[in-house]
Amino acid sequence: MKKIILTGDRPTGPLHVGHYVGSLKQRVELQNSGEYDDIYIMIADAQALTDNADEPEKVRQNIIEVALDYLSVGLDPAKSSLFIQSQVAELCELSFYYMNLVTVSRLQRNPTVKSEIQMRDFQTSIPVGFFTYPISQASDITAFKATAVPVGEDQLPMLEQTREIVRKFNDIYGETLVEPEILLPENQACLRLPGTDGKAKMSKSLGNCIYLSDTETEVQKKVMNMFTDPNHLRVEDPGKVEGNPVFTYLDAFSREEHFAEFCPDYSCLQEMKDHYSRGGLGDVKVKRFLNNVLQAELAPIRERRKSYEKDIPAVYEILRQGTQKAQKAAAETLREVKASMRINYFEDEELICAYARKYGSTSDTN
Ligand code: ATP
Ligand code: MG
């Protein structure tokens, strides 16, 4: 069986360092491993519209931003097809059929949908499109026969729902769809990077992000203003490491060589954490270190972005070509799906002949 990747992001804002450690970094590694036959990276504009119907311009403006973020982290259009979801109409058609395989109560139980509904304060005014987006995600994944989906932890329930749809479809209509596997980052801190405000998740919609496209000064300002342990008032006070986002970011980003380079007082993160917990280590010093670590990671990304920004028509061309390839793959899957469901009436010789026989007409369909 072919090894295929599908993943993507909603163009609701530029991508942030949570996306980077949660998914983008791993995508680039998988891409460069050479182990995958096809890699599809989707800008999920149709999904973004499910909770931004009144802000189409926001979604529109972020298509190129997200594409630039993709290219700047090292996604290579020669190896990965970057495409725009809304331009692959087959995905909607697949969703329409998958909707019949999912119950309302099953969607209501999806924990990510639940918490996102709460976060967006929809209360009783949940857009139907938003409520059903896990089904549309199943279409995105299965349309490309994806075997692996590298995403952050919040996507686990979506993958589970997709796998259920695949099993149900194959059960009823015969083996057609491929069951995907989720690929989560190995580093615990990267599963769900908290916001700079200490909230559970860095998220575009919460405005607590460090963006990949932020300038050096912006990153520094955000790091120096980060939430830490609110009870760590004086340097000599013992500080809390757990739930302190500055340390979670260090867990996600720092490597041993960073200490030698930027903070030789410690040889590894554990030593720094121990000192903080004991007392005697101030937030400013830890933040300065984090800033250096982040700048080192972001500098090459910024550089690559600058070179792509100089040729936006070329970026459009990359999206156009990626979308064409995605359309072809999705059309092929849709053809197979319709054949399995036996709703490919005009190709169904058996049905035509059977009715021709039944009513005594000629069976010649030409
Ligand atoms: P929105 O608020 O519009 O939903 P978002 O910031 O949650 O935006 P998405 O486009 O929904 O971003 O998510 C894209 C991918 O990035 C998903 O795979 C998701 O799991 C991952 N991701 C998003 N935020 C984080 C985070 N804070 N930590 C780790 N992974 C994340
Ligand atoms: Mg999200």
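The written sequence of each chain sets the order in which its residues are numbered from 1. By the order in which they are written, chains take letters starting at A while ligands take numbers starting at 1. Where totals are concerned, whole chains, interfaces and linings use all residues; where local detail is concerned, this predicted model gives features only for residues with pLDDT of at least 70, and gives and counts side-chain atom pairs only at 80 or more. In computing side-chain values, all of the structure's heavy atoms are included and hydrogens and water are not.

## A word on the site of ligand 1
Near is defined per residue: the residue qualifies when any heavy atom it owns lies within 4 Å of the molecule or strand. The immediate surroundings of ligand 1 are formed by 22 residues, with T12, H19, D154, K201 and S205 found nearest. The term polar contact refers here to a pair of N or O atoms within 3.5 Å; inside protein, the definition further demands a hydrogen-donor-capable atom paired with an acceptor-capable atom, and it admits residues adjacent in sequence only when both atoms are side-chain atoms. The backbone of R10 places a nitrogen or oxygen atom 2.9 Å from an oxygen atom of ligand 1. With respect to ligand 1, the side chain of K204 contributes an N or O atom lying 3.1 Å from an oxygen atom. Within the complex, the protein chains bury 97% of what would otherwise be the 600 Å² of accessible surface of ligand 1. Only the protein chains shown count as cover for residues, and the accessible areas themselves come from Shrake-Rupley with a 1.4 Å probe.

## Here we look at the packing of aromatic side chains
Pairing of aromatic rings covers Phe, Tyr and the six-membered ring of Trp, with a centre-to-centre limit of 6.5 Å; geometry is then stacked below 30 degrees between planes, edge-to-face above 60, and tilted otherwise. Summed over all chains, the structure comprises 11 aromatic pairs. Look at Y98 and F169: their rings are 6.2 Å apart centre to centre, the planes differ by 75 degrees, and that puts the pair in the edge-to-face class. Here Y98, found in helix α4 (residues 90–98), pairs with F169, found in helix α9 (residues 156–173); they are 71 residues apart in sequence, far enough to count as distant. Joined through ring pairs, the aromatic side chains of Y40, F83 and F144 make up one cluster. Only runs of H or I of at least four residues qualify as helices and only runs of E of at least two qualify as strands under DSSP, and these elements are numbered from the N terminus.

## As for helix α8 (residues 133–143)
Whether a residue is buried, partly exposed or exposed follows from its accessible area with a 1.4 Å probe, protein chains only, as a fraction of its type maximum: under 20%, in between, or over 50%, in that order. Taking burial as the measure, the 11 residues of α8 include 11 buried ones, the bulk of the element. Looking at α8, one finds that the buried residues are Y133, P134, I135, S136, Q137, A138, S139, D140, I141, T142 and A143.

## Description of unusual backbone geometry
Not every positive phi belongs to a glycine, and D121 is a case in point at roughly 55 degrees. Structurally, D121 is set in the loop between α6 (111–119) and α7 (128–131). Looking at D121, the relative accessible area reads 52%, which means it is exposed.

## Topic: the packing of α4 against α8
Note on method: axes are straight lines fitted to C-alpha atoms, helices fitted across the in-contact stretch only, with angles between N-to-C directions ranging 0 to 180 degrees. Running from N to C, α4 and α8 cross one another at 120 degrees; their axes reach a closest spacing of 8 Å. Taken together, the axes of α4 and α8 lie oblique to each other. At the point where α4 passes α8, the crossing takes the right-handed sense. Mapping the contact onto sequence places L91, L94, S95 and Y98 in α4 and I135, S136, A138, S139, D140, T142 and A143 in α8. Of the residues in the contact of α4 with α8, the class split is six nonpolar, four polar and one charged. The cut-offs work like this: below 35 degrees is roughly parallel, past 145 is roughly antiparallel, 65 to 115 is roughly perpendicular, and the gaps in between are oblique. Handedness of each helix crossing follows the sense of rotation of the near helix against the far helix: counterclockwise by less than a right angle gives left-handed, clockwise gives right-handed. Contacts were defined at the residue level, with two residues in contact if any of their heavy atoms lie within 4.5 Å. Note that Gly is not counted as nonpolar here; it falls among the polar residues with everything else outside the nonpolar set of Ala, Val, Leu, Ile, Met, Phe, Trp, Tyr, Cys and Pro and the charged set of Asp, Glu, Lys and Arg.

## Regarding the layout of surface pockets
Of the two site types, the cavity is a set of points on a 1 Å grid over the protein atoms alone where a 1.4 Å probe fits but cannot get out, and the pocket is an open set with protein on both sides within 12 Å along at least five of seven lines, each lined by residues with an atom within 4 Å of a point. Grid points are joined across faces, edges and corners, and a volume is the space filled by probe spheres set on the points. The volume enclosed by the largest pocket comes to roughly 830 Å³. For the lining of the largest pocket, the secondary-structure elements that each account for two or more residues are β1 (4–9), α1 (17–33), α6, α8, β4 (148–150) and α10 (188–191). For the lining of the largest pocket, the element with the most residues is α1, which contributes five residues. Split into classes, the residues belonging to the lining of the largest pocket amount to 17 nonpolar, 16 polar and 12 charged.

## Looking at the pairing of strand β3 (residues 81–84)
Side-chain alternation along β3 places S81 and F83 on one buried face and L82 and I84 on a second face that is also buried. Pairing of strand β2 (residues 38–43) with β3, which is carried by four bridges, proceeds in the parallel orientation. When the bridges of β3 are listed, Y40 appears paired with S81. Should DSSP find at least two bridges between two strands, the strands are taken to pair.

## Here's the deal with a nonpolar patch on the surface
Exposure above 30% relative accessible area and the lack of any salt bridge qualify a residue for a patch; like charges then connect within 9 Å, and the nonpolar side chains Val, Leu, Ile, Met, Phe, Trp and Tyr within 5 Å. Note on definitions: salt bridges are taken to be side-chain nitrogens of Lys or Arg within 4 Å of carboxyl oxygens of Asp or Glu. Together, Y345, F346, L351, Y355 and Y359 line one region of the surface with nonpolar side chains, adding up to about 660 Å² of accessible area. Looking at the element boundaries, Y355 is found in helix α17 (residues 349–358). Since its relative accessible area comes to 43%, Y355 is described here as partly exposed.

## Brief notes about the packing of helix α12 (residues 245–253) against helix α15 (residues 283–309)
In the contact formed by α12 and α15, the axes pass within 10 Å of each other and the chain directions differ by 35 degrees. The crossing of α12 and α15 is left-handed. Residues V246, F247, Y249, L250 and F253 of α12 pack against V286, K287, F289, L290, V293, L294 and E297 of α15. Of the residues belonging to the contact of α12 with α15, the class tally is 10 nonpolar, no polar and two charged.

## Brief notes about the pattern of salt bridges
In total, this model carries 31 salt bridges according to the counting rule given. We note a salt bridge from R10 to D51, for which the minimum N-O separation is 3.1 Å. Highlighted residues: R10 in the loop between β1 and α1 and D51 in the loop between α2 (45–49) and α3 (56–73), separated in sequence by 41 residues. With a relative accessible area of 16%, R10 lands in the buried category.

## Here we look at α3
Multiplying one less than the number of residues by 1.5 Å gives the expected span of a helix. Under the 1.5 Å per step criterion, the end-to-end length of α3 is 26 Å for 18 residues, consistent within 8% with the ideal 26 Å. When the local axis directions of α3 are compared, the greatest deviation, roughly 35 degrees, occurs at N62. Every buried residue of α3 is listed here: V59, N62, I63, I64, V66, A67, L68, D69, Y70, L71, S72 and V73. Looking at the residues trailing α3, positive phi occurs at G74, about 110 degrees. The angle separating two fitted axes, one through the seven residues that finish at a residue and one through the seven that start at it, defines the bend at that residue.

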